[in-house]
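Commentary on secondary and tertiary structure
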Amino acid sequence: MYKSLDLIHAPVLWEHPVIGGKWKAGRGIRVASMDGGVHKNAPMFDPAGFSYPAGYPRGGLGLKANNNGKIIASRVYYRPGDPPAAGDMEPWPGPEGDSHGVHTAGTAAGNPVQAAFLGRIFEISGVAPAAWVMSYKVFYLSREGKMTFETPEGIAALEDMVRDGADVVNCSWGTGPFSTGGAYDPLDTALLNAWRAGVFVVMSAGNSGPYRGTADHPSEEYISVAASTTGGSIAGGSLAIAGPLPVPGEYLKLEVGISDYGKIPSLGSRSSYFFKTAASVEPDNVTACEPFDGKPFEGLATVVRRGGCNFDDKVLNAYRAGADFVVIYNNNGDEIRDLSCYMENCDEVGAFAVFTGETHGKALESWYDSYQERSELIFDFTPYQLGNRADEVADFSSRGPGVGYTLKPDIMAPGVNILSQGYGPLAEGEEKHFGFGQASGTSMAAPHIAGAAALLKQRYPLWSNEDIKSALMSTARFMDIYTHDGKPAQPLDMGAGRVDLSKAADPGVILTPPSLGFGVVEKEGEKTLSLSLRSILPEAKTYHISTVYTGDGFDAVRPLDGFHGEPLSLTLPAFGTASINVRFEGKGSVGDHQGYVLLESDTHRVHFPVWARVQEARGSGSKVLLLDMDGSSFDGNLKNYRDYYTDALHALGKTCDVLDVNPDLKNVQLPEAAVLAAYEAVLLFSGDSSKSTLVGGDLDRLMEYVNDGGLVIAMGQNMFSRVLANTSFLYSRFNVRVISESVTGGQLPDSYVIVAENVPPAFRDVFLDLRDGGDGASNHGNMDEFSEGIVRYPGRTAVGNGYLAQISKGLLTLEKPALIQPGILVASAMGLEGMNNDTGAMAREAFLGKIFSWALDKPDMMIEDVSEKHENQMEMSRFEVGYSSDTEGIELLSVRWDMGDGKGYQGPYGLPMIGYVYEKCGPYTLRAEVLDSFGNHTINSLDVTITRCLNKNEPSSGSSSGCFIGELAEGL
């Protein structure tokens, strides 16, 4: 923070007369940390000069042992079934706990301190250093080795902080782009409820960039934060290539970030190692995400590439393979960062690790390719100042849009190599929380916004959350901000821009909402959205409205194509209100259209981001995109199985486009998600390949396609154990757990594949033959075994039940009538090429056809009031469901009912009719949920006026104490 505070101009706002300088900045504001706990003994939370808020009990709220006047509330959320491990049982982070909470809280609201870091002294403070801190410890090292929290604990923490009177909460955590958020996502609902209760909720956007569709936390109300670089950071040390001589000068000082685990050298020391690269040992394991065979790095240093798994997993795998020193290099630019360990067995890692840029890493690999075992490097543990380029979007920062096509992130703040409390690199145990260290992530960016919100709450006590969000966003800097690869940053990279506190306290006008996300607009379509303005100035102002696109370069800005602000100018009276419309015409090319709308007066200039995605209607092309990942076009030793898939698709009456995926390319090969949207399905097959094939950007595009409701079918051997990256969000959405890499023990199957127990009735005829001797490829010796599925291999070589295929889609229920996880996924360890069509078993095209029918079936359902068709017995109303399916033979299995009277749900019942006696007459809304023989659910509703009831003299308002007549229903 020795650089980031000046970059965001925090000192300018500190000097505002209402705030009164650094030592009063944030005074009276309560900043909550929902994280891994804040430590009472850390210098940035020293209680000197602080006292508890008026009306607080003595010792503060919650677990008072951690409260000290600066920290005014401390609560923990430990799972009863998985309590804390020894070393992290207190309300503060213990010797086995993580510094994440103290680091983020220090950034938001830490006291001014003299921070000693790697032999140098820096003056740092939080953005709102005089604010109180409230600690809600949801992350802890559990006995099962987990460092996460589950939804009930998260909800409880948010409810507690609302009751405790928090003004701001920093949430530097997330799970990825898995949910649309909102009413049927319990944790997101709790976040929204906290916001609506007056707590300014700040969320980190995620660390899964740089590709689109990776942003977490999609709801529009709270604020989501991207991460950018600062004007400087501290390199923990440097590498030098030492031999064989001579060595070019540019290889004599390669800057690195350092790890806080492993055998840490002495500060100022120089360590020499011969080195060998992971690429030279196992070319398919250059990222060291898989264990190495034997000890290929015994007594050596090794060089591995970022990507595919956590940093600490790489180091552990290299250490187990004999490495004494590990160099990890960036896979997307030359940005460096320090490393921390988050896994449960950090103590096992004996190798020290450093992180360097992509250019330096490739230089080390090239040097080894030339000089082999004579290659030598030196690590110099002498930290030094780096002159970073400020205001670049970090490569790791997640990009929008959010799931459900919301415009996220909202804003950006510094998040690269932020120096704050905790992560002391030379300390051990609990002492590491008392030292100071650098950390990177949107986790480090979010607390800058939390602190900024605290300052604005102090400056404007009557402002709402929406006012503060508008002021921060509309005054952020969006010009001269670049992505990590040198392109002008756009709204999906950074939202409104990088926060600027020199302007946020005087925006002149409040915008509601402060951004306009148009979502999907079909080609040739049009959409108009409105935005309201409220002046906070005591005099009238005329604002001129224009659009700006910066994507061609900041020296070549132009009006934004397709977006039109109406009117072009307006006059806001003193403290007055008005509204503007922005119209988008989808006449441009398929893809994302984004930029900014400017409002300029003679004294103030504000802006808001706009974005729309033009694409064809979902599945409008009625085509399948076939991803040929068998590698046969690029490796003569691999067989070509494409015809099995194209023939099966043609037999089903489907057309396809084929993309031959090159497993050796490191560039994105798939089209953008907006182009993928036109496909009915994307079908992947692996053949005999075992090589990781799709890069992160490809998988992120497939994930966007799934989040738009798309169907992805992944088929073939090794698909989930090797070919798909198991750290990708797409892999996680498949929810596949591989328990064996070969259900047949490496041999060809000698038994039929049969249906699993308890599958939906429509799948009970599945019976497949993958044995040798038929017209199939006889190649299935390496089928992944799953922990669950719809079909199974019954051979004795199975580790579990031999499951080979899973199907997954979001199901509508009366409890959750909207999908929060759209998309349909099919995981099959069997490829079509392995299935025999000539042995009496189910044909490969029939199996694929059943998958398509299950996935794409669109049943028709209606509810009819049939009361008048029956005699009035006991004032009973009767309703009947009519149901039909696109697929022949699919039938209604059962119905559940919500009678609309506030009583419990009825059913499930195996008949489509229900009889029900309402206590009161009047209007009701009925809902029914049908389960069919595919296992799919369908929901519909009916508005009805009830005239048969027990108490006809007392009208209903939609609730009743009705009763279900079970005997009559059975008779019906």
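Each chain has its residues counted from 1, running along the sequence as written. pLDDT decides what is reported in this predicted model: residues at 70 or higher carry local features, side-chain atom pairs at 80 or more are listed and counted, and totals for whole chains, interfaces and linings draw on all residues regardless. Water and hydrogen atoms were dropped before computing side-chain values, which therefore reflect all heavy atoms in the structure.

**Focus: the sheet that holds strand β45 (residues 906-909)**
- Being paired, for any two strands, means DSSP has found at least two bridges between them. Secondary structure is summarised from DSSP: a helix means a run of H or I of at least four residues, a strand means a run of E of at least two, and numbering begins at the N terminus for each. Spatially, the four strands line up as an open sheet ordered β45-β44-β47-β48, and their pairing is antiparallel. The outermost strands of the open sheet, each flanked by one partner alone, are β45 and β48 (937-946). Taking the axes of each pair of neighbouring strands and ignoring which way they run, one obtains an average angle of 15° across the sheet.
- Judged from the two bridges that link them, strand β44 (residues 892-898) and β45 form a sheet pairing that is antiparallel. Directly across from Val895, in β45, lies its bridge partner Tyr909. Note on definitions: angles span 0 to 180 degrees between N-to-C directions of axes, and those axes are lines fitted to C-alpha atoms, for helices only across the stretch in contact.

**Overview of the nonpolar core**
- For our purposes a nonpolar core is just a set of buried Ala, Val, Leu, Ile, Met, Phe, Trp, Tyr and Cys residues, chained together by side-chain atoms within 4.5 Å. Here the term buried applies to any residue with accessible area under 20% of the maximum for its type, exposed to any over 50%, and partly exposed to those in between, with areas from a 1.4 Å probe on protein chains only. Counting residues in hydrophobic clusters, the biggest one holds 123 residues, and the most contacted among them are Met34, Ile124, Leu239, Phe325, Leu472 and Leu501.
- Broken down by element, the residue count for this core peaks at 10 residues, all from helix α9 (residues 442-459).
- The contact rule is simple, with two residues in contact once any of their heavy atoms fall within 4.5 Å. If near-sequence neighbours (up to four positions away) are discounted, Phe325 is found in contact with Leu239, Tyr273, Leu300, Ala301, Thr302, Ala351, Phe352, Val354, Leu377 and Phe379.
- Counting residues in hydrophobic clusters, the runner-up holds 94 residues, among them Leu649, Val682, Tyr803 and Val944.

**Topic: the UniProt feature "domain: PKD" (unreviewed entry) in the protein**
- The UniProt record marks residues 880-947 with the feature "domain: PKD" (unreviewed entry), using the residue numbering of this structure.
- With 0% helix and 66% strand, residues 880-947 has its two end C-alpha atoms placed 17 Å apart. UniProt positions are given in the numbering used here, feature names are shortened, and annotations may be inferred rather than shown by experiment.

**Considerations on the side chain of Lys314**
- Tracing the chain through its elements places Lys314 in helix α7 (residues 311-320).
- Within this scheme the basic residues Lys and Arg register as positive and the acidic residues Asp and Glu register as negative, but His and the chain ends are omitted. Salt bridge criterion: a side-chain nitrogen from Lys or Arg within 4 Å of a carboxyl oxygen from Asp or Glu. Of the side chains with opposite charge, Asp313 lies nearest to the buried Lys314, which makes no salt bridge, at 8.5 Å.
- Aside from chain neighbours lying at most four places away, what touches Lys314 is Thr287, Ala288, Cys289, Val304, Arg305, Arg306, Gly307, Cys309 and Ile328.

**Remarks on the packing of aromatic side chains**
- Aromatic pairing here means that ring centres of Phe, Tyr or Trp (its six-membered ring) are within 6.5 Å. Orientation follows from the plane angle: under 30 degrees is stacked, over 60 is edge-to-face, and everything else is tilted. Scanning the model with the defined rule gives 32 aromatic pairs in all.
- Here the aromatic rings of Tyr460 and Trp463 are separated by 3.8 Å at their centres, their planes lie at 10°, and the arrangement is stacked.
- What makes Tyr460 buried here is its relative accessible area of 16%.
- These aromatic residues form a ring-pair network of at least three members: Tyr273, Phe325, Phe352, Phe379 and Phe381.

**Examining the environment of Phe379**
- Note that Phe379 resides in strand β17 (residues 376-380).
- Using a relative accessible area of 0% as the deciding quantity, one classes Phe379 as buried.
- In the structure, Phe379 is positioned 337 residues away from Gly716 in sequence and 44 Å away in space, judged by C-alpha atoms.
- Apart from residues no more than four positions distant in its own chain, Phe379 is found in contact with Gly237, Ser238, Leu239, Val256, Ile258, Pro265, Ser269, Arg270, Ser271, Phe325, Phe352 and Val354.

**A short note on the state of the cysteines**
- A pair of cysteine sulfur atoms is labelled a disulfide when the two atoms are within 2.5 Å. Evaluated as defined, the whole model comprises two disulfides.
- Across the disulfide from Cys289 sits Cys309; the S-S distance is 2.2 Å. For the disulfide bridge between Cys289 and Cys309, the dihedral angle about the S-S bond is near -90°, and by the sign convention the bridge is left-handed. Pair noted here: Cys289 is in the loop between α6 (278-281) and β14 (301-305) and Cys309 is in the loop between β14 and α7, with a separation of 20 residues, a long-range link.
- Here Cys309 falls in the buried class, since its relative accessible area comes to 17%.
- One disulfide in the model links Cys921 with Cys949; its S-S distance is 2.0 Å. Measuring handedness by torsion sign, the sulfur bridge of Cys921 and Cys949 sits at about -100° and is left-handed.

**Overview of the pairing of strand β7 (residues 168-171)**
- Burial of the side chains of β7 extends over both faces: Val168 and Asn170 are buried on one face and Val169 and Cys171 on the other.
- Both strand β1 (residues 30-35) and β7 contribute to a ladder of three bridges, which runs parallel. Of the residues in β7, the one forming a bridge with Ser33 is Asn170.
- The sheet contact formed by β7 and strand β8 (residues 200-204) spans four bridges and is parallel. In the strand pairing of β8, Asn170 is matched with Val202.
- Look down the strands so they point away from you; if going from the first strand over the helix to the second traces a clockwise path, that crossover is right-handed. Considered for its hand, the β-α-β crossover made up of β7, helix α5 (residues 186-196) and β8 is right-handed.

**Here we look at the pairing of strand β34 (residues 711-715)**
- Of all five residues in β34, five are buried; the element is thus mostly enclosed.
- You can see the chain leave strand β33 (residues 679-685), run along helix α15 (residues 696-707) and come back into β34, and the turn it takes is right-handed.
- Sheet analysis places β34 next to strand β41 (residues 824-828), joined by five bridges and oriented parallel. Paired with Val712 across the bridge in β41 is Leu825.

**Some points on helix α8 (residues 358-371)**
- How far a helix is expected to stretch is found by multiplying one less than its residue total by 1.5 Å. Between its terminal C-alpha atoms α8 stretches 20 Å, which fits the 20 Å expected from 14 residues at 1.5 Å a residue.
- Inspection of α8 places Glu358, His360, Gly361, Ala363, Leu364, Glu365, Trp367 and Tyr368 among the buried residues, and these make up the whole buried set.

**A look at the UniProt feature "active site" (unreviewed entry) in the protein**
- Taking the numbering used here, the UniProt-annotated feature "active site" (unreviewed entry) corresponds to Asp35, His100 and Ser443. Across 409 residues in sequence, these annotated residues keep their C-alpha atoms within 10.2 Å of one another, forming a single compact spot.
- A relative accessible area of 13% means that His100 is categorised as buried.
- Not counting residues within four places of it along the chain, the set of residues in contact with His100 comprises Asp35, Ser172, Tyr423, Ser443 and Met444.
- The residue Ser443 is located in helix α9 in this model.
- Given the relative accessible area of 9%, Ser443 is considered buried.
- Apart from the residues within four sequence positions on either side, Ser443 is in contact with His100, Thr104, Ser172, Ser204 and Asn207.
- A distance of 3.0 Å separates polar atoms of two side chains, one belonging to Ser443 and the other to His100. N or O atoms closer than or at 3.5 Å make up a polar contact, with two conditions inside protein: a donor-capable atom paired with an acceptor-capable one, and, for residues adjacent in sequence, both atoms drawn from side chains.

**Focus on the confidence of the model for the protein**
- Every residue gets a pLDDT, meaning the predictor's confidence in that residue, from 0 to 100. The share of residues in the protein with pLDDT of 70 or more is 98%, and the mean pLDDT across the chain is 93.
- Low pLDDT, under 50, characterises residues 959-972; the stretch is placed with 37 contacts to residues that sit more than four places away or in other chains.

**Here's the deal with α5**
- Of all the residues in α5, the buried ones are Leu187, Asp188, Ala190, Leu191, Leu192, Ala194 and Trp195.
- Packing partners of the buried residues in α5 comprise α4 (151-164), β7, β8, β9 (223-228) and α10 (465-474).
- With a side-chain oxygen positioned 3.3 Å from the backbone nitrogen of Leu187, the residue opening α5 is Asp185.
- Gly198 sits one or two residues past α5 and shows a positive phi near 110°.

**Some points on empty space enclosed by the protein**
- A pocket here means an open set of points on a 1 Å grid, computed over the protein atoms alone, that has protein on both sides within 12 Å along at least five of seven lines. A cavity is instead a set of points where a 1.4 Å probe fits but cannot get out; residues with an atom within 4 Å of a point line either one. Grid points are joined across faces, edges and corners, and a volume is the space filled by probe spheres set on the points. Enumeration according to the criterion identifies four cavities of 30 Å³ or more in this entry.
- Empty space within the largest cavity amounts to approximately 90 Å³.
- In terms of lining residues, the largest cavity is bounded by Pro177, Gly213, Pro401, Gly402, Val403, Gly404, Tyr405, Arg613, Glu704, Asn707 and Asp708.
- When its residues are assigned to classes, the lining of the largest cavity shows four nonpolar, four polar and three charged.
- There is about 50 Å³ of room inside the second largest cavity. Charged means Asp, Glu, Lys or Arg here, nonpolar means Ala, Val, Leu, Ile, Met, Phe, Trp, Tyr, Cys or Pro, and polar covers whatever is left, Gly included.

**Side note on the sheet that holds strand β22 (residues 509-512)**
- The strand order across the open sheet formed by four strands is β22-β24-β28-β26, and the pairing between neighbours is antiparallel. Each edge of the open sheet carries a strand with a single partner, namely β22 and β26 (563-566). Strand after strand, the sheet turns through a mean of 25° between neighbouring axes, direction not considered.
- Where β22 meets strand β24 (residues 526-535), four bridges bridge the pair, whose relative direction is antiparallel. Across the sheet, Leu511 pairs through a bridge with Leu533, a residue of β24.
- Sheet contacts for α10: β22 and β24; angle to β22, the most-contacted strand, approximately 105°.

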